[in-house]
Structure formats: C-alpha cells, structure tokens
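So you can see what is in the structure, the chains are spelled out below.
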Amino acid sequence: MKFIELKSRGGNYLVVAENVAWLRDYENGQTQVGMVGGAPLLVAGKIEDIAASILEQANAAE
C-alpha cells in the first residue's frame, strides 16, 4: 500500500494511491479528487499538476 500526499487549502491529506478514482477541474484553481468508496476531496492546484504529482509519488522508489 503506497500513501501519497495531496495538499489542500484547509489541510493536507495522505491517501492510498490505488484509491484515487478520478480528477475533476474545480473553481478557484482547485481540483476534486474522487476516491473509491468515499466522497471526493478538494485539493489545491490545477488538474494537470495534481495528476503529475499523483503519478510521481505513486511511481517513486521506496
């Protein structure tokens, strides 16, 4: 199980990388991150930046 960090304006999240289901552009430079079996998270950053961050963290050597 690999945890990744997602930064939010209200506080940061650590989520299991495999539980990220989808990304959606949101207002004010934020992105919604859909989670398997849960409500979406609202994180700071554009969709392209969030996608790159998720892939980078998920593929990082342990």
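The structure under discussion appears in the preceding block.
This report concerns the structure included in the present document. (Residues numbered from 1 in each chain as written. Predicted model: local features only at pLDDT ≥ 70, side-chain atom pairs only at ≥ 80, totals over all residues. Heavy atoms only, no water.)

Looking at the overall build of the protein chain
- Helix and strand counts for the protein chain come out as 1 helix and 5 strands.
- Helices and strands in the protein chain line up, N terminus first, as β-β-β-β-β-α.
- For 62 residues, the compact-globule formula gives about 11 Å, and the C-alpha radius of gyration of the protein chain, at 11 Å, lands near that figure.
- By its C-alpha atoms, the protein chain is 35 × 25 × 20 Å across when sized along the principal axes. (Helix = DSSP H or I, 4+ residues; strand = E, 2+ residues; numbered from the N terminus. Rg over C-alpha atoms; globule rule 2.2 N^0.38 Å.)

Points about the nonpolar core
- Counting 10 residues, the largest nonpolar core consists of Ile-4, Leu-6, Val-15, Ala-17, Val-33, Met-35, Leu-41, Val-43, Ile-50 and Ile-54.
- Where this core is concerned, the elements lending two or more residues are strand 1 (3-6), strand 4 (30-35), strand 5 (41-44) and helix 1 (47-59). (Core = buried A, V, L, I, M, F, W, Y, C linked by side-chain atoms within 4.5 Å. Buried < 20%, exposed > 50% of the residue type's maximum accessible area, 1.4 Å probe, protein only.)

Considering the sheet that holds strand 4
- The strand order 3-4-5 describes an open sheet built from 3 strands, whose pairing is antiparallel. The open sheet has two edge strands with one neighbour each: strand 3 (20-25) and strand 5. Each adjacent strand pair in this sheet contributes to an overall mean axis angle of 30°, direction not counted.
- Relative to strand 4, strand 3 runs antiparallel, the two being bridged by 5 bridges. Note that in strand 4 the partner of Arg-24 across the bridge is Gln-32. (Pairing = 2+ DSSP bridges. Axes fitted to C-alpha atoms, helices over the stretch in contact; angles between N-to-C directions.)

Focus: the pairing of strand 4
- In terms of burial, strand 4 is largely enclosed, as 6 of its 6 residues are buried.
- Here strand 3 folds back onto strand 4 in antiparallel fashion, the turn holding 4 residues, of which Asn-28 has a positive phi close to 55°.
- Where strand 4 lies against strand 5, 4 bridges are found, and the strand directions are antiparallel. Within the sheet, the bridge partner assigned to Gln-32 lies in strand 5 and is Leu-42.

Quick word on the packing of aromatic side chains
- Taken as a whole and assessed by the stated rule, the structure comprises 0 aromatic pairs.
- One Lys or Arg, Arg-24, reaches over the ring of Trp-22 and ends 5.4 Å from the middle of that ring. (Phe/Tyr/Trp six-rings, centres within 6.5 Å; stacked < 30°, edge-to-face > 60°. Lys NZ or Arg CZ within 6 Å of the ring centre and 35° of its normal.)

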